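The primary structure of each chain is shown beneath.
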Amino acid sequence: MYLFHKMENNEVYWEKQGRYLNIWLILCLFPRTCVSNPSKPNFLLILADDLGIGDVGCYGNDTIRTPNIDGLAKDGVRLTQHIAAAAVCTPSRAAFLTGRYPIRSGMASSTQRQVLFWNGGSGGLPPNETTFARILYQQGYSTALVGKWHMGVNCKTRHDHCHHPLNHGFDYFYGMPFTLLNDCQGSDDPELAKSLQDTYWFYTQMITLAVFTLVTGKLANLFPVKWKIIICLAICGLLHFISWFSSYGFTKYWNCILMRNHDITEQPMNLQKTTSNMLKEAIAFIERNKHRPFLLFVSLLHVHTPLITTEKFQGRSRHGLYGDNVEEMDWMVGRLLDVIDKEDLKNTTFIYFASDHGGFLEAHRGNSQLGGWNGIYKGGKGMGGWEGGIRVPGIVRWPGVLPAGTVIDEPTSLMDIYPTVVQLAGGTVPQDRVMDGHTLLPLLRETEQHSRHEFLFHYCGVFLHAVRWHQKDSGTIWKAHYATPVFQPEASGACFRRGICPCFGDSVTHHDPPLLFNLSQDPSEANPLSADTEPLFDTVVRRMRRAVEEHRKTLTPVPQQLSPYNNIWKPWLQPCCGTFPFCWCNEENNKA
């Protein structure tokens with residue numbers, strides 16, 4: 001009898017084990033269809049474009065209404081010293097996506113053009129850079145980018161898509177591969193054409209003169225020169241001529257386009273529907289992926305000029321068209337939060353809101369200010385080291401995990417989102433390269449009181465303009481400026497005559513000894529210190545110079561993605577939804 005019961009129990013045991021084995025096999029064979037591990041949150045990352053830290057209510061603005069962003073801060077953690085790695089979009093966004101200074105990936109410029117200028121250029125985020133999206137995709141996340149990219153499209157052919165979001169870990173993309181421009185609206189003040197036309201025409205003339213001289217010399221046997229060199233120079237001149245010619249009206253068709261994955265849906269884009277299209281895509285992605293772990297990066301076109309604002313929000317704010325655009329952006333954030341709540345994802349979603357850099361002080365139309373406000377901080381967009389160009393709003397919310405209503409007054413960086421997201425998703429930060437971001441989790445969870453950043457380096461292109469030292473033993477934050485832009489007019493606080501401040505040349509003042517500020521006492525950088533007024537001046541300056549030397553030893557030569565060759569328009573790389581050069585279509589209308 002005992003033996004019979006024992007055999008029966010063994011059969012039941014092995015039957016149960018077989019069921020467990022079947023369940024285990026199903027989970028292994030279909031990992032991306034399982035219910036997400038509750039320890040792995042969803043991620044909603046929202047990045048505004050050109051938003052100043054002073055434009056948001058929870059950072060001190062009392063003339064623009066931002067209730068949804070303010071609500072995020074009330075329910076989450078607000079960072080008061082959140083720093084962008086660059087004061088313009090292309091390098092700042094490259095650093096955000098990779099967790100590394102843009103100079104390490106070649107996304108920092110050595111010329112006056114600090115960002116990518118064409119969809120048809122060959123520069124962009126190198127394929128060998130590992131974004132946080134790629135790591136999360138490998139961890140089983142569904143990953144999407146909705147909105148602005150501005151990290152390049154193609155390398156060698158029109159369809160290689162080597163810089164495209166889908167080649168950097170995103171499995172879905174809807175948005176602008178480039179960035180908003182006044183040219184997209186066809187306004188009277190085209191920003192891209194204005195800055196390029198004179199330069200392209202000058203180089204076209206110089207190259208034409210050189211080709212004419214070489215051909216004449218060759219035919220007259222005045223000096224030996226190979227026809228191959230003459231032909232290459234002539235092709236270069238032709239490219240400059242085409243770029244100059246295309247800047248008169250064609251910019252809208254070349255740069256102002258919308259894509260869904262690899263397909264162009266609007267060329268040129270319909271600005272009146274762009275906001276609603278972006279919002280619908282973002283909401284649809286959340287609804288499609290509510291039962292699986294997801295990463296959604298909403299890269300807003302707001303609040304970049306030309307400030308495309310729907311009629312519903314025009315004239316609503318007390319700060320003109322710019323304020324209207326900020327309030328519409330806040331409404332968009334609110335709609336995203338609503339869908340997170342509606343789908344019961346609030347407690348399982350890590351939400352982050354920030355701006356790619358400070359407000360654009362030089363943005364004007366007549367007497368109207370079209371750029372943002374950077375609060376008490378000096379400078380703005382394009383000004384490498386000044387606080388107004390790099391200190392941005394930074395808000396994190398994760399109910400039940402992060403304490404609500406917390407304010408962290410410690411140096412943090414947009415680059416810190418990379419290791420934070422990767423760690424929470426169960427991934428590993430790349431070990432084969434230098435990483436500059438540090439996980440925010442100890443600060444956010446209040447298990448650590450101080451930032452892991454000791455030094456932060458502030459570049460303007462490839463030129464180091466300033467360094468920040470977080471002196472942890474005293475809690476003091478020092479900032480040394482080695483170069484600052486020359487404001488035009490001098491007391492204006494911006495470069496109004498140039499449109500955006502240069503990084504080098506006669507329009508930059510070099511400081512030796514550097515301009516030193518104690519940001520803990522003087523966050524607006526109004527009172528530079530000297531050896532006479534600060535006993536620690538020499539000690540601090542020496543320590544920061546040593547840090548710069550150590551930092552530079554970690555830099556390795558890489559291809560320059562924003563070089564003149566990579567940043568010139570190339571017809572054979574231009575994304576086109578028709579037969580080039582007849583590039584126009586509206587697939588969105590066709591689908592509707």
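Residues numbered from 1 in each chain as written. Predicted model: local features only at pLDDT ≥ 70, side-chain atom pairs only at ≥ 80, totals over all residues. Heavy atoms only, no water.

## Details of the confidence of the model for the chain
Of the residues in the chain, 89% have a pLDDT of 70 or more, and the chain-wide mean is 89. Residue range residues 1-14 is modelled with pLDDT below 50. Its contacts to residues more than four positions away, or to other chains, number 0 contacts. Low pLDDT (under 50) marks residues 20-38, which in the prediction has 12 contacts with non-local residues, meaning those over four places away or in another chain. (pLDDT = per-residue confidence, 0-100. Contact = heavy atoms within 4.5 Å.)

## Overview of the state of the cysteines
Summed over all chains, the structure comprises 6 disulfides. Note on cysteine connectivity: Cys 155 is disulfide-linked to Cys 162, with sulfurs 1.7 Å apart. The chirality of the disulfide connecting Cys 155 with Cys 162 is right-handed, given an S-S dihedral of about 85°. For Cys 162, a relative accessible area of 10% puts it in the buried group. (Disulfide = S-S within 2.5 Å. Buried < 20%, exposed > 50% of the residue type's maximum accessible area, 1.4 Å probe, protein only.)

## Some details on the environment of Phe 170
Note on placement: Phe 170 falls in the loop between β3 (142-148) and β4 (172-176). Not counting residues within four places of it along the chain, the set of residues in contact with Phe 170 comprises Leu 97, Ala 133, Thr 143, Ala 144, Leu 145, Trp 149, Pro 165, Leu 295 and Phe 297. (Helix = DSSP H or I, 4+ residues; strand = E, 2+ residues; numbered from the N terminus.)

## So, the pairing of β4
Among the 5 residues in β4, 5 count as buried, and that is most of the element. The sheet contact formed by β3 and β4 spans 5 bridges and is parallel. Paired with Lys 148 across the strands is Met 176, a residue of β4. Here β4 runs beside strand β5 (residues 258-260); their pairing, made up of 2 bridges, is antiparallel. The partner of Gly 175 across the bridge, within β5, is Met 259. (Pairing = 2+ DSSP bridges.)

## Let's talk about the packing of helix α2 (residues 67-75) against helix α11 (residues 320-342)
Between α2 and α11, the least distance of the axes is 7 Å, while the angle of their chain directions is 55°. Taken together, the axes of α2 and α11 lie oblique to each other. Packed against α2, whose contacting residues are Pro 67, Asn 68, Ile 69 and Leu 72, the element α11 presents Met 329, Asp 330, Trp 331, Val 333, Gly 334 and Leu 337 at the interface. (Axes fitted to C-alpha atoms, helices over the stretch in contact; angles between N-to-C directions. Parallel < 35°, antiparallel > 145°, perpendicular 65-115°, else oblique.)

## Things to note about the nonpolar core
By size, the foremost hydrophobic cluster in this structure holds 56 residues, and its most contacted members are Leu 51, Leu 296, Met 329, Leu 336 and Phe 353. Listing elements by their share of this core, those giving two or more residues are β1 (42-48), α2, β3, β4, α10 (271-288), β7 (294-299), α11 and β8 (349-355). Examining the composition of this core, we find that 9 residues originate from one element, α11, more than from any other. Judged by nonpolar contacts, the second largest core, of 48 residues, contains Leu 125, Leu 145, Phe 170 and Val 422. (Core = buried A, V, L, I, M, F, W, Y, C linked by side-chain atoms within 4.5 Å.)

## Brief notes about the pattern of salt bridges
Under the counting rule described, the total for this entry stands at 18 salt bridges. Lys 479 is the partner of Glu 525 in a salt bridge, and the nearest nitrogen-oxygen pair spans 2.7 Å. Taken together, the residues span a long stretch of sequence, with Glu 525 in the loop between β16 (508-518) and α15 (537-553) and Lys 479 in strand β15 (residues 476-485) at a distance of 46 residues. Each member of the pair, Glu 525 as well as Lys 479, is classed as buried. Within this structure, Glu 387, Arg 391, Arg 468, Lys 479 and Glu 525 form a network of salt bridges that share partners. (Salt bridge = Lys/Arg side-chain N within 4 Å of Asp/Glu carboxyl O.)

## Observations concerning the environment of Leu 516
One can find Leu 516 in strand β16. Note on Leu 516: relative accessible area 0%, which makes it buried. Residues Leu 516 and Phe 537, spaced 21 residues apart in sequence, show a C-alpha to C-alpha distance of 7.8 Å. Apart from the residues within four sequence positions on either side, Leu 516 is in contact with Trp 478, Lys 479, Ala 480, Asn 527, Pro 528, Leu 529, Phe 537, Val 540, Val 541 and Met 544.

## Some thoughts on the sheet that holds β5
Ordered by their spatial adjacency, 11 strands build an open sheet running β12-β2-β11-β8-β1-β7-β3-β4-β5-β6-β17, and the pairing between neighbours is mixed. Looking at strand neighbours, the two that pair on one side only are β12 (406-413) and β17 (585-586), the edges of this open sheet. Bridging between β5 and strand β6 (residues 263-267) involves 3 bridges; their strand directions are antiparallel. Among the inter-strand pairings, Leu 258 is bridged to a residue of β6, identified as Glu 266. Running over the sheet, helix α3 (residues 89-98) touches β1, β3, β7 and β8 and is turned about 165° from β1.

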